[in-house]
Amino acid sequence: MEKITFEGEAGEKLDLYVMESTRLAGVDYILAADVPTGDGDCYILADRSEADSEEAVYEMIEDENMLDYLVSVFAELLDDVDLEY
């Protein structure tokens, strides 16, 4: 499982573990959790990196409609995981 470090606007850091990824309408999305196994908080992030960038730039999804849609997509991809929010 890939581990990434998400850095917020105020400089706070959060280690996340990528559980799944998908590409929709030309945008890459990841489902990441704050723990590698077991119950934890999950986040859905969109890759906002430039195509030629060496470092990924992710943005947390905050739009409720988009979040609902992406949760349903990831729930289908991960049939053995319960996603609740």
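Residues numbered from 1 in each chain as written. Predicted model: local features only at pLDDT ≥ 70, side-chain atom pairs only at ≥ 80, totals over all residues. Heavy atoms only, no water.

Caption draft 1: Representation of the overall build of the chain. Helix and strand counts for the chain come out as one helix and five strands. Along its sequence from the N terminus, the chain presents helices and strands in the succession β-β-β-β-β-α. The globule rule puts the C-alpha radius of gyration for 85 residues at 12 Å, and the 13 Å found for the chain is close to it. Dimensions of the chain along its principal axes, counting C-alpha atoms only, are 35 × 30 × 25 Å. Put simply, the chain has 85 residues, and 27% of those count as buried. Restricting to contacts in the chain with at least 6 residues of sequence separation, those with at least 24 account for 27%. Accessible surface computed for the chain: about 6100 Å², of which carbon and sulfur atoms make up 43%. Averaging the coordinates of the 4 positive side-chain charges in the chain and doing the same for the 25 negative ones gives two points 8 Å apart. (Helix = DSSP H or I, 4+ residues; strand = E, 2+ residues; numbered from the N terminus. Rg over C-alpha atoms; globule rule 2.2 N^0.38 Å. Buried < 20%, exposed > 50% of the residue type's maximum accessible area, 1.4 Å probe, protein only. Contact = heavy atoms within 4.5 Å. Areas by Shrake-Rupley, 256 points an atom, 1.4 Å probe, with all protein chains shown as cover. Lys, Arg positive; Asp, Glu negative; His and termini not counted. Charge placed at Lys NZ, Arg CZ, Asp CG, Glu CD.)

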